[in-house]
Amino acid sequence: MALLNVNPTRMALLDLKRRTKSAQRGHKLLKDKQDGLMQQFLIVIRKAKDVRMRVEESLGEAFRTFLVASAWLTDAQLQNALSSPQATIELAVETRSVMSGRIPFFTVQKSGNLKAYGLAGTNALLDQAVDSFDALFTTLIELAQIEKQAEALAIELETTRRRVNALEHKMIPDLVQTVKYIKMKLDETERSAIVGTMRIKASIMAQ
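From a predicted model like this one, the values you see are computed outputs, not experimental measurements.

Caption draft 1: Representation of the overall build of the protein chain within the structure. Helices and strands together make up the secondary structure of the protein chain, namely three helices and two strands. When the helices and strands of the protein chain are listed from N to C terminus, the series reads α-α-β-β-α. In terms of overall dimensions, the protein chain is more spread out than a globule: its C-alpha atoms have a radius of gyration of 35 Å, far above the 17 Å expected for 207 residues. Taking the principal axes of its C-alpha atoms as reference, the protein chain extends roughly 130 × 25 × 20 Å. Relative to its 207 residues, the protein chain shows a buried fraction of 28%.

Caption draft 2: Structural context of the side chain of Thr-178. Following the sequence through the fold, Thr-178 ends up in helix α3 (residues 124–206). Overall, the relative accessible area of 1% leaves Thr-178 in the buried class. The residues touching Thr-178, leaving out its near neighbours within four places in the chain, are Ala-2, Leu-3, Leu-4, Val-6 and Leu-16.

Caption draft 3: Structural view of the nonpolar core. Counting 14 residues, the largest nonpolar core has Val-44, Val-51, Val-55, Ile-146 and Leu-153 as its most contacted members. Setting aside chain neighbours within four positions, we find Leu-153 in contact with Leu-37, Gln-40, Phe-41, Val-44 and Ile-103. With 12 residues, the next largest nonpolar core counts Ala-12, Leu-16, Ala-23 and Val-179 among its residues.

Caption draft 4: Geometry of a nonpolar patch on the surface. Taken together, Leu-3, Tyr-181 and Met-184 make up a surface patch of nonpolar side chains, about 260 Å² in accessible area. Its relative accessible area of 44% is what places Leu-3 among the partly exposed residues.

Caption draft 5: The arrangement of the packing of aromatic side chains in detail. All told, the structure shown has two aromatic pairs when counted by the stated rule. Aromatic side chains Phe-66 and Phe-133 sit 6.2 Å apart centroid to centroid with 75° between the ring planes, which places their arrangement in the edge-to-face category. With Phe-66 in helix α1 (residues 10–71) and Phe-133 in helix α3, the pair connects residues that are 67 residues apart, well separated along the chain. Overall, Phe-66 belongs to the partly exposed group, its relative accessible area being 22%. A cation over a ring is seen here: Arg-96 above Phe-105, with NZ or CZ 4.1 Å from the ring centre.

Caption draft 6: Spotlight on the pairing of strand β2 (residues 101–111). Note that strand β1 (residues 88–98) and β2 share 11 bridges and pair antiparallel. Note on β2: the bridge partner recorded for Ile-89 is Lys-110. Counted between consecutive antiparallel strands, the loop separating β1 from β2 contains two residues, among which Met-99 sits at a positive phi close to 55°.

Caption draft 7: Molecular detail of the environment of Ser-192. Take Ser-192: it is sitting in helix α3. When the C-alpha atoms of Ser-192 and Glu-142 are compared, they prove to be 73 Å apart, with 50 residues separating the residues in sequence.

Caption draft 8: The pattern of salt bridges, seen in detail. Taken as a whole and judged by the stated rule, the model has 13 salt bridges. Asp-15 is the salt-bridge partner of Arg-18, the closest N and O atoms lying 2.5 Å from each other. Here the residue Arg-18 and the residue Asp-15 both occupy positions in helix α1, the gap between them amounting to three residues, near one helical turn. When the shortest N-O distance is used, the salt bridge between Arg-162 and Glu-158 registers 3.1 Å. On the criterion of helical spacing, the pair formed by Arg-162 and Glu-158 is a turn pair, its members being four residues apart in helix α3. Of the residues examined, Arg-162 reaches a relative accessible area of 57% and is grouped as exposed. Judged by relative accessible area, which is 28%, Glu-158 ranks as partly exposed. Sharing partners across several salt bridges, the network here consists of Glu-158, Arg-161 and Arg-162.

Cut-off values and rules
Residues numbered from 1 in each chain as written. Predicted model: local features only at pLDDT ≥ 70, side-chain atom pairs only at ≥ 80, totals over all residues. Heavy atoms only, no water. Helix = DSSP H or I, 4+ residues; strand = E, 2+ residues; numbered from the N terminus. Rg over C-alpha atoms; globule rule 2.2 N^0.38 Å. Buried < 20%, exposed > 50% of the residue type's maximum accessible area, 1.4 Å probe, protein only. Contact = heavy atoms within 4.5 Å. Core = buried A, V, L, I, M, F, W, Y, C linked by side-chain atoms within 4.5 Å. Patch = residues over 30% accessible without salt bridge, like charges linked within 9 Å, V, L, I, M, F, W, Y side chains within 5 Å. Areas by Shrake-Rupley, 256 points an atom, 1.4 Å probe, with all protein chains shown as cover. Salt bridge = Lys/Arg side-chain N within 4 Å of Asp/Glu carboxyl O. Phe/Tyr/Trp six-rings, centres within 6.5 Å; stacked < 30°, edge-to-face > 60°. Lys NZ or Arg CZ within 6 Å of the ring centre and 35° of its normal. Pairing = 2+ DSSP bridges.

Right under this line is the structure:
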């Protein structure tokens, strides 16, 4: 704690009291925001964990299916089947405000034919593998969205935590200590003035 550099006057005392109340209100609001952000952050983290497990399982299954499918095809057949994709994917990103923090939301739009190869030179396992990778890509986008949300919430949470700590451990204690100091100085001044007045009165009465 440290005293603020202000003159010990009644005007300064009133101003500091006002600033102290404002800081305490701000601290409560920021504390509530911090608690809300923490709850939201934990929800997103748990969701990210679940989606990541789905990604790992789907990725393993998709690769296993693709390896089995490719074992029944020559390199030329496989390259010919996958060398001319006709499907396109567009990713739209928008941000929304969550407790004053901006978090991203992704929207995937797919178009075109995903299986742009002839059925004669391929097999059903390749179709299954392509479908698996297509579904996996959508899940990966979902995971990326959730992890970016977690990152944005973590940054906002850290910023809020620093503000709460600055108010709680620095600004408010300094204001409270300075208010006490000014009150003490004003009380001393008032007592000195009373003693001086009493001496003058006693001197006048003694004449």
